[in-house]
Amino acid sequence: MLIMVLLLCSGALSAQRVQFNASVSGNDVATGEPFRVTFAINGNGSRFTPPDFTGFQILSGPNVSSSITSINGNTTVSNSYSYDLVAVKEGILTIGSAFIMVDERRLNTNPIRIRVSKGQPMQQNSQQQQQRQEEMIQDNAEDLSKALLLRAEVNKTNVYQGEQILLSYKLYTRAGIVDSRVDKLPDLNGFWTEDVKNQPQQVQWRTETYKGLKYNVADVKQMILFAEHSGDIKINPFEMTFIVRVAAPARDIMEQFFGSYKDVKYAVKSIPVVVHVKPLPEAGKPAGFSGAVGKFSIQARLDKKELKANETLNYSVKLTGSGNIKLINALNVNLPADFEKYDPKVTDTIKEEANGVRGNRTYSYLLIPRRQGNYTIDPLEFSYFDTSTKKYVTIATKAFAVKVNKGLVENNVTAFSDADQKDIKKLDKDIRSIKTGNAGLNKIGERFYGSQGYWLLLLSGPVLCALAFGFRNRNRKINSDVVRVKNRRAGKVAARHLANAQKQLAAKNTAAFYEAIFKGLYGYLSDKLNLAVADLNKESIVDGLKDREIGDQLITKLLETLDLCEMARYAPVTQLSELEVLEKAKGIINEIEDEIK
């Protein structure tokens, strides 16, 4: 019954049209008069981005609220983000657009105009002022050290070599964070590392109590570690710098009532963590053990059990489990002597999640039996160390019987008769028939020295030297003009950046992708217009292209692409897909090349 209700709710929610609107409690306010602005969406969204409240002071916010209403089977979900503001100057002020993502679509609100008149100073309640001063964090290192912490936590401190460990860097805060940056990532020497993937794009805050104080806590970074050797391995600090908003002394009556704040730069780093790594035990270690640690299963598959000699056979082995599966080398497959084996194709379907690295790795072998007969592919044994039982485990695949019939050609030919000459010609590898007729040998006394070809070859030396000398001088003359050389090579330099962008796109590294597109276009324009990169701006780009008679439409397309790449380096964009942006950049460069010619 509950499932049916949920299905009906999801159907009703998907049927409605999602709207994102902004509203204010009043469009006419006075300076010092608090009012509220609310950004509401009748659905679920992510990555809410508020506007820049220039001309206003934020008293509180964002205050997030959600509600679900069901009437006659129709379910409505709404979320709102509200801010309490006060205008700090008179005139017509504008609250800009807020943004939110819904199903990969970017929605925005309309700007709101506020008419602000001159207001009256308001008295501050002494009791409220005292309570606010008690809650505010003052600008000194001792208070900030208690209000902002960065901790490194591992789920295990005593492990075996090769056992996976979850490392989490957690941010504990009781202060308002305005901005942050990473100063130094830990080296993690002695570990093989894998970043935890598929984490939520938005920071997931939660409340925890640490040393008797309540903090808002979020995971800054999570990684999975595999110790590469035994002994005590230290995890070095993770260093970050934050811009923290703290209380400041009030300078006038308005600030006494609403509070005065300032932004302070504060650097934090995590405390080093030591992991004790034990070597894998020697007792009971199998002879074929290759270092696999975790828990695994194995199975093999053969695509056919009967074929002819010299035909191909596909033998695949699938290893499934959790642990250091990415560090496992090629498997030791034992095959009959008459089977030719090629290097395997390795296919990974592996996930790096907070509960560890898990998935499967498939080894696909191409086999070619060279002679007829009945063969057996022996079971493949695989050994690993199980950290839960602290014992070595050996697992194996099943054996396969293969029948190989006589093929048209077999490589191992030991004898032949005249009747077999046709087969030998088809093979054309190991044995050839005796050649009859003219073998093309030279007669005794006929020599190359003194012949016509000899003198032509002798004279070709000076001619080739003269041509090479002329070609060198021509290249020197062409390359002496630096401007022409940069102009000529501009397209190649841009192509290298765009190729890097293609790699970043394949790796799903969005920020690096847009940075490569941006550098490619800017580097191309710098070389093409003979301008230093530091001197490039919209005005110099437009002037340089117009001097070379580039059309206004193409210039506008170029500037839009540059703006899109610049914005995408700091915030997500949805106007175009990454592939469309890449093709658009290539097209712009090609069009400029065609018009400048």
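On a predicted model such as this, the values are computed, not experimentally measured, just so you know.

> What is the right way to look at the overall build of the protein in this model?
Helices and strands together make up the secondary structure of the protein, namely 11 helices and 31 strands. Across the 597 residues of the protein, 35% fall into the buried class. Within the structure as shown, the protein displays about 36,700 Å² of accessible surface, and the carbon and sulfur contribution to it stands at 50%.

> Sorry if this is basic, but what is going on with the confidence of the model for the protein here?
Reading predicted coordinates in detail is not appropriate for stretches of low pLDDT. Per-residue confidence for the protein gives a mean pLDDT of 78, with 77% of residues at or over 70. Note on residues 122-139: pLDDT is under 50 here. Beyond four places in sequence and across chains, it has 26 contacts. Below pLDDT 50 for its whole length, residues 412-429 participates in 13 contacts with residues either more than four positions away or in separate chains.

> Honestly, the pairing of strand β24 (residues 313-323) in this entry has me stumped. Any pointers?
Taken residue by residue, a regular strand's side chains alternate between the two faces of the sheet. With 8 of 11 residues buried, β24 lies mostly within the body of the structure. As paired strands, strand β22 (residues 294-302) and β24 are joined by 9 bridges and run antiparallel to one another. Counterpart to A300 in the pairing with β24 is V317. Inspection of the sheet shows β24 paired to strand β27 (residues 356-369) by 10 bridges, in the antiparallel sense.

> I keep staring at the pattern of salt bridges and nothing clicks. Help me out?
Once their charged atoms are close, side chains differing in charge can pair, the charge on each being opposite to the other. Per the stated rule, a full pass over the model turns up 17 salt bridges. Sharing partners across several salt bridges, the network here consists of E194, K197, K326 and E352.

> I keep staring at the sheet that holds strand β23 (residues 306-308) and nothing clicks. Help me out?
Strand pairing in a sheet relies on backbone hydrogen bonds, with the paired strands running either antiparallel or parallel. The strand order β23-β31-β28 describes an open sheet built from 3 strands, whose pairing is mixed. Where the open sheet ends on each side, the last strands, each with one partner, are β23 and β28 (373-377). The average undirected angle you get between the axes of adjacent strands in this sheet is 30°. Across 3 bridges, β23 lies against strand β31 (residues 400-405) in parallel orientation. Its bridge partner lying in β31, K308 is registered against N405.

> What is the right way to look at the sheet that holds strand β9 (residues 105-108) in this model?
Across the sheet, which stays open at both edges, the 3 strands sit in the order β4-β8-β9 with antiparallel pairing between neighbours. Of all the strands in the sheet, just β4 (46-49) and β9 have a single pairing partner and so form its edges. With strand direction ignored, the average angle separating the axes of adjacent strands in the sheet is 25°.

Calculation notes
Residues numbered from 1 in each chain as written. Predicted model: local features only at pLDDT ≥ 70, side-chain atom pairs only at ≥ 80, totals over all residues. Heavy atoms only, no water. Helix = DSSP H or I, 4+ residues; strand = E, 2+ residues; numbered from the N terminus. Buried < 20%, exposed > 50% of the residue type's maximum accessible area, 1.4 Å probe, protein only. Areas by Shrake-Rupley, 256 points an atom, 1.4 Å probe, with all protein chains shown as cover. pLDDT = per-residue confidence, 0-100. Contact = heavy atoms within 4.5 Å. Pairing = 2+ DSSP bridges. Salt bridge = Lys/Arg side-chain N within 4 Å of Asp/Glu carboxyl O. Axes fitted to C-alpha atoms, helices over the stretch in contact; angles between N-to-C directions.

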